[in-house]
Amino acid sequence: MMSPWPEETIPDADRLFMRVHKMWKRDDGISPGAFQNHNSGMSTDWSKYSTAEATRARATKLELLYAVIQMRVGDVRMVPNQVVRHTPDVARNNRAHTDVIGDKKKEKIRVKLRRIAVLVLPWEP
Amino acid sequence: MALSLRRDASEASDDYVVVGPDSVDLTSIVADLANRVKRMESTVAGEVSRSDQQESKLRDIDALVKDATAPYYTKQRSSATHFLDLPRRTRKKKHLSSFEDLPDELQDIRHAIVASRYIFTLSGDDLEEGASPYTESTWKRAVDFLAKNAWWAFVDLGCRIDAPKVLPGPHGSIDLHWDVPAYELLINIPEAADAPAGFYGDDRGKVSIEGTVKQDSVNNGLLFFLTRT
């Protein structure tokens, strides 16, 4: 089935939102373990078609288990070997879906992604 | 050939004379003995001198270690000297068998380890969808790695490393994470026991380290990075 939403180029200045499960919560922020690939890449939502609240609401489990972080697209592209690709998810009705593609096994990648992440919706107490 | 000493016949002298058969060249024998005595005296004098120098060096090292403003590399002291300065009960534990044997001086490390026990009890909603549970054996290898390196830094280098956060990592692994103003270091202990641990650290400036180490090893490069500040 042809996607009704074309793949678009994302400007560096835009933001990506990402859900972070509470298992990655720590006293002073987010654990480096939150930054890993699931299937083809690290799933995020493009700020052009989503908000932090909408990103959290898309959780398949109880949404209160999640916080939301944002990362500037240009900063993500500066992390070694990471590619930001708009991948609209028709099946889940998510035009904002974007993958951060690239190996994240190396500790350097997780450290650098964590440094550019900003917590915008904290976990519920 | 038998030689003997006989007191000089002259009462005014305390000298001894060497007496032997007429056919023996006593002069050369005496000269040879005199040379040997001189060499022995020289050797003894040298040993005394070296011992004094070592004592002086140890005192200088001790003063440097106690000087908080001295650069790290000048604080290194011989392991034997530092080890002997440790309290007796600490010296007895030179070969650490468990993180529970860490001394009071390293209680921050011990507390960080104990606080991380929850990791291998995570299940259900406490785990992200698709995440695999954590095993106690992986956690044990991670905390043993931390304890062994912290202990070695303390015993061998006379330094205490900061306590890290011990955290769940990706795919059943355990992260050891130091995030302090002076530096950041992440060490990942994989779920597989025979896989190497990976690490990356930097001072948020020009200095960085990156690589892999064996899970059961003490790594001097990592210890140098952790104790350089």
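The following refers to the structure shown. Keep in mind that what you see is a predicted model, and the values were worked out from it rather than measured. (Residues numbered from 1 in each chain as written. Chains lettered and ligands numbered in written order. Predicted model: local features only at pLDDT ≥ 70, side-chain atom pairs only at ≥ 80, totals over all residues. Heavy atoms only, no water.)

Let's talk about the sheet that holds strand β6 (residues 197-202) of chain B
Residue and element names in this part refer to chain B.
Turning to step 1, where the next piece is worked out: Pairing within the open sheet is antiparallel, and its 5 strands lie in the order β3-β4-β5-β6-β7. Because the sheet does not close on itself, it has two edges, and the strands there are β3 (165-168) and β7 (208-213). Each neighbouring strand pair of the sheet contributes to a mean axis angle of 15°, computed without reference to strand direction.
Turning to step 2, where the next piece is worked out: With 5 bridges joining them, strand β5 (residues 183-189) and β6 adopt antiparallel strand pairing. In the sheet register, N188 faces β6, and the bridge partner there is G198. (Pairing = 2+ DSSP bridges. Helix = DSSP H or I, 4+ residues; strand = E, 2+ residues; numbered from the N terminus. Axes fitted to C-alpha atoms, helices over the stretch in contact; angles between N-to-C directions.)

Brief notes about the sheet that holds strand β8 (residues 118-121) of chain A
Residues and elements named next belong to chain A.
Turning to step 1, where the next piece is worked out: The antiparallel open sheet is built from 6 strands, whose spatial order is β6-β7-β4-β1-β5-β8. This sheet does not close on itself; its edge strands, each paired only once, are β6 (83-86) and β8. Going across the sheet, the axis of each strand differs from the next one's by a mean of 40°, ignoring polarity.
Turning to step 2, where the next piece is worked out: The pairing of strand β5 (residues 66-72) with β8 spans 3 bridges and is classified as antiparallel. Residue pairing across strands places I69 opposite L119, the latter belonging to β8.

A word on the environment of A115 of chain B
Turning to step 1, where the next piece is worked out: Tracing the backbone shows A115 of chain B in the loop between α4 (107-114) and α5 (136-157).
Turning to step 2, where the next piece is worked out: Separated by 51 residues in the primary sequence, A115 of chain B and V166 of chain B place their C-alpha atoms 8.2 Å from one another.

Things to note about the pattern of salt bridges
Turning to step 1, where the next piece is worked out: Applying the stated rule across the entire model yields 22 salt bridges over all chains.
Turning to step 2, where the next piece is worked out: A salt bridge links D28 of chain A to R26 of chain A; its shortest N-O distance comes to 2.6 Å.
Turning to step 3, where the next piece is worked out: Classification of R26 of chain A as buried rests on a relative accessible area of 7%.
Turning to step 4, where the next piece is worked out: Of the charged contacts in the structure, one is a salt bridge between R110 of chain A and D175 of chain B, with a shortest N-O distance of 2.8 Å. Note that R110 of chain A is positioned in helix α3 (residues 107-116) and D175 of chain B in strand β4 (residues 174-180), a pairing that runs across two chains. You'll find R110 of chain A and D175 of chain B in the same group, each marked buried.
Turning to step 5, where the next piece is worked out: Taken together, the shared-partner salt bridges in this structure form one network comprising R114 and R115 of chain A together with D179, E184, D202 and R204 of chain B. (Salt bridge = Lys/Arg side-chain N within 4 Å of Asp/Glu carboxyl O. Buried < 20%, exposed > 50% of the residue type's maximum accessible area, 1.4 Å probe, protein only.)

Regarding the side chain of H86 of chain A
Residue and element names in this part refer to chain A.
Turning to step 1, where the next piece is worked out: Note that H86 resides in strand β6.
Turning to step 2, where the next piece is worked out: Residue H86 is classed as buried on the basis of its relative accessible area of 1%.
Turning to step 3, where the next piece is worked out: Within the local environment of H86, its side chain forms a polar contact with the backbone nitrogen of E8, the two atoms lying 2.9 Å apart.
Turning to step 4, where the next piece is worked out: Within the local environment of H86, its side chain forms a polar contact with the backbone oxygen of R95, the two atoms lying 2.8 Å apart.
Turning to step 5, where the next piece is worked out: For H86, the contacting residues outside a window of four places in its chain are P6, E7, E8, I10, W46, R95, A96, H97 and T98. (Polar contact = N/O pair within 3.5 Å; in protein donor to acceptor, adjacent residues only side chain to side chain. Contact = heavy atoms within 4.5 Å.)

Observations concerning the interface of chain A and chain B
Turning to step 1, where the next piece is worked out: Counting residues at the interface gives 24 residues for chain A, matched by 26 residues for chain B.
Turning to step 2, where the next piece is worked out: Between chain A and chain B, a total of about 2,300 Å² is buried, with carbon and sulfur atoms accounting for 50% of that surface.
Turning to step 3, where the next piece is worked out: Taken together, the connections running from chain A to chain B amount to 7 salt bridges.
Turning to step 4, where the next piece is worked out: D202 of chain B is the partner of R115 of chain A in a salt bridge, and the nearest nitrogen-oxygen pair spans 2.6 Å.
Turning to step 5, where the next piece is worked out: Linking chain A with chain B are 11 residue pairs in polar contact (both at pLDDT 80 or more), by the criterion used here.
Turning to step 6, where the next piece is worked out: Of the residues contributing to the side of chain A that touches chain B, the split by class is 5 nonpolar, 7 polar and 12 charged. (Buried area = accessible area lost by both parts, 1.4 Å probe. Nonpolar A, V, L, I, M, F, W, Y, C, P; charged D, E, K, R; others polar.)

Section: α5 of chain B
Turning to step 1, where the next piece is worked out: Given a rise of 1.5 Å per residue, 22 residues ought to cover 32 Å, and the 31 Å separating the end C-alpha atoms of α5 of chain B matches this to within 8%.
Turning to step 2, where the next piece is worked out: Of the residues one or two after α5 of chain B, G158 of chain B is the one with positive phi, at around 70°. (Expected span 1.5 Å × (residues − 1).)

What about the nonpolar core?
Turning to step 1, where the next piece is worked out: Of all hydrophobic cores here, the largest spans 61 residues; its most connected members are F35 of chain A together with W178, L185 and I187 of chain B.
Turning to step 2, where the next piece is worked out: The greatest single-element share of this core, amounting to 12 residues, is contributed by α5 of chain B.
Turning to step 3, where the next piece is worked out: Setting aside its immediate chain neighbours within four residues, W178 of chain B contacts L146, I161, D162, A163, P164, Y183, E184, L185, I187 and L226 of chain B. (Core = buried A, V, L, I, M, F, W, Y, C linked by side-chain atoms within 4.5 Å.)

Considerations on unusual backbone geometry
Residues and elements named next belong to chain A.
Turning to step 1, where the next piece is worked out: Of note, N81 is a non-glycine position whose phi angle comes to about 65°, a positive value.
Turning to step 2, where the next piece is worked out: Note on placement: N81 falls in the loop between α2 (73-78) and β6.
Turning to step 3, where the next piece is worked out: The class for N81 is exposed, based on a relative accessible area of 69%.
Turning to step 4, where the next piece is worked out: Of note in this structure, N93 is not a glycine but carries a positive phi near 55°.
Turning to step 5, where the next piece is worked out: Note that N93 resides in the loop between β6 and β7 (97-101).

Quick notes on the pairing of β4 of chain B
Within a regular strand, the side chains alternate between the two sheet faces.
All names here are of chain B.
Turning to step 1, where the next piece is worked out: Most of β4 sits out of view: 5 of its 7 residues are buried.
Turning to step 2, where the next piece is worked out: Two elements, β3 and β4, share 4 bridges in a ladder whose sense is antiparallel. Across the sheet, residue K165 finds its bridge partner in β4, namely H177.
Turning to step 3, where the next piece is worked out: Turn length for the β3-β4 hairpin, with the two strands adjacent in sequence and antiparallel, is 5 residues, and the turn residue H171 shows positive phi of about 55°.
Turning to step 4, where the next piece is worked out: Across 7 bridges, β4 lies against β5 in antiparallel orientation.

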